[in-house]
2 protein chains.
Amino acid sequence: MSKPLEGIRILDFTQFMSGPICTLMLSDFGAEVIKLENPPIGDTTRTGNILDQGVSSHYATRNRGKKSVAINMKDPEQRDLFLELVKTADAVVENFKPGTMEKFGITYELLESINPRIVYTSISGYGQEGPYAGKAAYDATVQAESGIMSITGEEGGRPTKCGGSIADYSGGLVGCIGTLIGIVDAQRTGHGRRIDASMMDALLLCQENMLSMYMRNGKLPKPSGNRYPAASPIGDFMCKDGVPIMLNISTNAQWKAFAEAFDQPQWLENPDFDSMKNRADHFREVEAEVNRVFAMYDSEEVVRRLEEKKSIFGRINNYEAIKNHPQVKFRKSFVEAEYDNGVKFTVPGNPLRISGVEHEDVYRTTTMGQNTIEIMSEVAGEAEAHRIFDPVMARVKEAYANVH
Amino acid sequence: MSKPLEGIRILDFTQFMSGPICTLMLSDFGAEVIKLENPPIGDTTRTGNILDQGVSSHYATRNRGKKSVAINMKDPEQRDLFLELVKTADAVVENFKPGTMEKFGITYELLESINPRIVYTSISGYGQEGPYAGKAAYDATVQAESGIMSITGEEGGRPTKCGGSIADYSGGLVGCIGTLIGIVDAQRTGHGRRIDASMMDALLLCQENMLSMYMRNGKLPKPSGNRYPAASPIGDFMCKDGVPIMLNISTNAQWKAFAEAFDQPQWLENPDFDSMKNRADHFREVEAEVNRVFAMYDSEEVVRRLEEKKSIFGRINNYEAIKNHPQVKFRKSFVEAEYDNGVKFTVPGNPLRISGVEHEDVYRTTTMGQNTIEIMSEVAGEAEAHRIFDPVMARVKEAYANVH
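Per chain, residue numbering runs from 1 following the sequence as it is written. Here every chain gets a letter starting at A, and every ligand a number starting at 1, in the order they are written. Local features in a predicted model are, by the rule used here, given only for residues with pLDDT of at least 70; side-chain atom pairs are given and counted only at 80 or more, and totals for whole chains, interfaces and linings are based on all residues.

A. Focus on the overall build of chain A. Starting at the N terminus, helices and strands are each numbered in turn, a helix being any DSSP run of H or I of at least four residues and a strand any DSSP run of E of at least two. Within chain A, the regular secondary structure consists of 17 helices and 15 strands. Structurally, chain A occupies a C-alpha span of about 85 × 45 × 45 Å along its principal axes. Here chain A holds 404 residues, and the buried ones make up 54% of them. Residues are defined as contacting one another if the C-beta atoms placed from their backbone atoms lie within 7 Å. The long-range share in chain A, meaning contacts at least 24 apart out of those at least 6 apart in sequence, stands at 70%. Residue burial here comes from a neighbour count, namely the number of other C-beta atoms, placed from the backbone, that lie within 10 Å of the residue's own C-beta, with 20 or more meaning buried, 12 or fewer meaning exposed, and in between meaning partly exposed.

B. Just the pairing of strand β15 (residues 362–365) of chain B, in detail. All names here are of chain B. By the alternation rule, side chains of β15 split into Y363 and T365, which are all buried, and V362 and R364, of which none is buried. Here 4 bridges tie strand β12 (residues 334–339) to β15, and the two strands are oriented parallel to one another. Of the residues in β15, the one forming a bridge with Y339 is T365. Any two strands are treated as partners once DSSP identifies two or more bridges connecting them.

C. Quick peek at the sheet that holds strand β11 (residues 313–315) of chain A. Residue and element names in this part refer to chain A. Pairing within the open sheet is antiparallel, and its 3 strands lie in the order β9-β10-β11. Unpaired on one side and paired on the other, β9 (234–238) and β11 mark the two borders of the sheet. Pairs of neighbouring strands in the sheet enclose a mean axial angle of 25°, with direction left out of account. Inspection of the sheet shows strand β10 (residues 244–248) paired to β11 by 3 bridges, in the antiparallel sense. Bridge pairing in β11 links L247 to F313. The angle between two axes is taken between their N-to-C directions and runs from 0 to 180 degrees, where each axis is a line fitted to C-alpha atoms and a helix contributes only its stretch in contact.

D. How the structure looks around the confidence of the model for chain A. pLDDT is a per-residue confidence score from the predictor, ranging from 0 to 100. On average, chain A scores 97 in pLDDT, and the residues at 70 or more come to 100%. Overall fold confidence for the complex sits at a pTM of 0.98, while the interface term, ipTM, reaches 0.98.

E. Fine view of the environment of S18(B). By the secondary structure assignment, S18(B) is in helix α1 (residues 18–27). Along the primary structure S18(B) and A380(B) are separated by 362 residues, whereas in three dimensions their C-alpha atoms are 31 Å apart.

F. The arrangement of the sheet that holds strand β13 (residues 344–348) of chain A in detail. Judged by pairing direction, the sheet is mixed, and its 3 strands sit side by side in the order β13-β12-β15 (chain A) without closing on themselves. The sheet terminates laterally at β13 and β15 (362–365) of chain A, the two strands that pair on one side only. The sheet shows a mean angle of 35° between the axes of neighbouring strands, direction not considered. Strand contacts of helix α9 (residues 208–217) of chain B: β12 (334–339) and β13 of chain A, with the helix running at about 135° to β13(A), the strand carrying the most contacts.

G. Focus on the environment of I322(A). Relative to the helices and strands, I322(A) resides in helix α14 (residues 319–323). For the pair I322(A) and S333(A), spaced 11 residues apart in sequence, the C-alpha separation works out to 10.0 Å. Setting aside anything within four residues of it in sequence, one finds I322(A) in contact with N317(A), V328(A) and G147(B).

H. The arrangement of the relation of the copies chain B and chain A in detail. Residues below a pLDDT of 70 in either copy are left out; the C-alpha atoms of the rest, at least 70 in both, set the least-squares superposition of the copies. For the pair chain B and chain A, the best superposition has an RMSD of 0.0 Å and corresponds to a rotation of 180° with a translation of 0.0 Å parallel to the axis. Both copies are brought into coincidence by an operation consistent with a two-fold rotation axis. Both copies contact each other with a shared surface, as 100% of the interface residues of chain B are interface residues in chain A too.

I. Representation of the interface of chain B and chain A. On the side of chain A, 118 residues touch chain B, which itself brings 117 residues to the contact. In the scheme used here, Gly and all other residues not listed as nonpolar or charged are polar, with Ala, Val, Leu, Ile, Met, Phe, Trp, Tyr, Cys and Pro taken as nonpolar and Asp, Glu, Lys and Arg as charged. For the side of chain B that touches chain A, the residue count by class is 63 nonpolar, 37 polar and 17 charged. Bridging between strand β14 (residues 352–354) of chain A and strand β8 (residues 194–198) of chain B involves 3 bridges; their strand directions are antiparallel. The partner of R353(A) across the bridge, within β8(B), is D196(B).

J. Just the pairing of strand β6 (residues 91–94) of chain A, in detail. All names here are of chain A. Residues A91 and V93 line one face of β6 and the alternating positions V92 and E94 line the opposite face, and both faces are buried. Looking at chain direction, strand β1 (residues 9–12) and β6 are connected through 3 bridges and run parallel. What sits directly across from D12, in β6, is V93.

K. Expanded view of the nonpolar core. Core analysis: the largest hydrophobic core is formed by 225 residues, its most contacted members being I177(A) and I177(B). Non-local contacts of I177(B), meaning those with residues more than four positions away in its chain, are made with M25(A), L173(A), C176(A), I177(A), L180(A) and L352(A). Nonpolar cores are identified as sets of buried Ala, Val, Leu, Ile, Met, Phe, Trp, Tyr and Cys residues joined via C-beta atoms within 7 Å.

L. Layout of the environment of I375(A). Residues and elements named next belong to chain A. You can see I375 is positioned in helix α16 (residues 372–380). For the pair I375 and L85, spaced 290 residues apart in the sequence, the C-alpha separation amounts to 8.7 Å. With near-sequence residues (within four places) excluded, I375 lies in contact with I34, K67 and V69.

M. Here's a closer look at helix α6 (residues 139–146) of chain B. Across the 8 residues that make up α6(B), a large majority, 8, are buried. All of the buried residues in α6(B) are D139(B), A140(B), T141(B), V142(B), Q143(B), A144(B), E145(B) and S146(B). Buried-residue contacts for α6(B) involve β9, β10 and β11 of chain A together with α7 (166–189) and α8 (199–206) of chain B. Remark: G147(B) follows α6(B) within two positions and exhibits a positive phi of approximately 90°.

N. Layout of the domain arrangement of chain A. Segmentation of chain A into domains returns domain 1 (9–206 + 328–400) and domain 2 (234–317). Using only C-alpha atoms to locate each centre, domain 1 of chain A and domain 2 of chain A end up separated by 44 Å. How far each domain reaches was decided by an automatic or database domain assignment.

O. Summary view of unusual backbone geometry. Residues and elements named next belong to chain A. In this model, P39 is joined to P40 through a cis peptide bond whose omega is 5°. Mapping P40 onto the fold places it in the loop between β2 (32–37) and β3 (51–52). The phi angle at D263 is positive, at roughly 55°, despite the residue not being glycine. The topology assignment puts D263 in the loop between α10 (252–261) and α11 (276–281). What makes D263 exposed here is the crowd of 9 C-beta atoms within 10 Å.

P. Broad picture of the packing of helix α1 (residues 18–27) of chain A against helix α7 (residues 166–189) of chain A. All names here are of chain A. Between α1 and α7, the shortest axis-to-axis distance is 7 Å and the interhelical angle comes to 45°. When the axis of α1 is compared with that of α7, the two are oblique. For the element pair α1 and α7, the recorded crossing hand is right-handed. Contacts between α1 and α7 involve S18, G19, I21, C22, M25 and L26 on the former and, on the latter, D168, Y169, G171, G172, L173, G175, C176 and T179. The residue inventory of the contact of α1 with α7, partitioned by class, reads 7 nonpolar, 6 polar and 1 charged. Our angle categories are set so that under 35 degrees counts as roughly parallel, over 145 as roughly antiparallel, 65 to 115 as roughly perpendicular, and the remainder as oblique. Handedness of a helix crossing follows the sense of rotation of the near helix relative to the far helix, less than a right angle counterclockwise being left-handed and clockwise being right-handed.

Q. Layout of α9(B). Most of α9(B) sits out of view: 7 of its 10 residues are buried. What α9(B) keeps buried is the set E208(B), N209(B), M210(B), L211(B), S212(B), M213(B) and Y214(B). Contact partners of the buried residues in α9(B): α2 (57–63), α14 and β13 of chain A together with α8 of chain B. Two residues or fewer past α9(B), G218(B) is found with a positive phi of approximately 65°.

R. Local environment of the packing of α7(B) against α8(B). Residues and elements named next belong to chain B. Orientation of α7 relative to α8, taken along the N-to-C sense of each, is 95°, at an axis distance of 8 Å. By the angle between their directions, the pair α7 and α8 is classed as roughly perpendicular. Counting all contacts with α7, which are made through I166, A167, D168, S170, G171 and V174, the residues of α8 involved are M199, A202, L203 and C206.

Structure representation (structure tokens):
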């Protein structure tokens, strides 16, 4: 059985995180993703974070499995070859600041006139139009603008960003959904679509429940630590051995099982605790009770009791615990990204399992422009590809001589 | 121009957040999403959060635009009608605890034998197999297990969850990507796929950069407030009027423009500040300088200077600011979800804009089982649909008489 996206070709102008995550989700399932990178350095993550013999962990995490072509879109001859490649492709994806592709003379109308089936996806901080369209955006600044910082952090503390790059990530996933919707449509109608994904709007949808409550009742939510306002006990509770456990007990059935797990029948007779709403309203009393009980047992015993009653909880893992996590090991959630010079990085794999697709243990990862001649020969012929791109690749080689 | 997913039918067993987000991304672009809900209450979010005349904000946020069918899968007659519906569908999506669908006698093999084109997507906390597969999971507990809490929160503080439901959300988006990949494949080969999305793995991929660094250097990352370890200044800085601004200045070019914006040429001559790595290593000195300068100006002036030099920043918005945000207004990022009784909730719309698709201003939102007779008549005939489901709907009506 072949991979589900085999034969699909993506021309990928993306860099940093949001766009590369979008195209990673496609390349992992068989799409040929050709990263088009601006020489000499290309995607600046190629020089970021851990560098080993000139190759980077930062680039590997989200670009493993893709091809790389060096192309200077300001050079008309090279740009024309990009337009030739468009004839062979299913989608073009980019995450420049809005307006950048237009500076290269690239619009959806042009791409559509060359290949009506093409899907053209742009991922940006705030969308392609409107008063914020021209603003450059990074994950942290979109987290700030989106309101999600205003509901994250300690109670009484300042707005806090999530340590994961959730704006970039969700913008990339949403862009991938748009790209696939466009491909589904093109398969049926012979005609593609223009896709415009906003990281800001992606984070608004992530907060749909809290935002819709605010839009109705006008009550401004604030950072609430590890609590969630609509139910209790939700949050972290300390066991006798100093290990915290994250609980999420919301429905009456869950509350009953939880009370039984810790032999506290009087909780079930307390009218303040007799509905989800009442427990949320009396959350300080609920939490005091949970803290009292958890302080009696080491975490191993707390976990045993929670598991016996199928109560919903999580261990609060640090990265060492993730490395040794039984489910992470079982599911092979990490894979290797290997460059041709033999340097390997261990990186998170794909969160999807799809029948008939064996994920690789080791993904090939390219150096800057590694596939330039091969791909450009397709559209320019080999001699022309060498004439135009050998000097480009010489500049790349020179620039990377200084990257360690 | 029709919507890109028109004619695609999704049978949707999902509830709570992750699954409903997956199918929302499909229904917004024309897929017919038929929610199959267990009578009498159905998706428990139907009784959650703000209730007005028996209908809920919680349900509306992620289920607007979908149809609703009441079906008791433990009743063989009703279950057989579900199997008839499978013949008419492109995908089945569910987010029960792994093993639940099997209890109803539903496996991918069975669905595939009925309709080879079917895509069968499951979204769960930890995936369909392995030592954690049987664990029920909520957003907060998966955030804890995934390690993302261990890098979120104040420096020196405890691990903190993100206030947005990022585990549910990213699990839902990833499940949607899997579903669409399966549909693309089925269109080409006539054969669908089994899709298994893990919320835990979705959050690992969100942390790919930090995790890959840990896997290489073994340095355990901790909560670092609003900083990001690899560059500086990244974080919130207070202006003279007490308004904080989120900055993300990383490259040398950005640092130069930022120094110019605030007339600080000496920053560019300081060898401690002369590369991204040096600024990250001397982040306390960098931050002290930024705080000194921001304290001289009100936020309006700070923003003016940042905008003039195209420095990358964000306002740290609360929900009131989101409601009045110029880009949110321009892009019409909120829509209305209206029930048939006239109750409307204002909820975040779709983060994608796709050419040829006009998003609605108002999305129809269904009460429990509202489309039961209509949909079941297709496969059972109208008389049989009434015979089997009128009693079911009577129970629904009775149960909802007590929901206010």
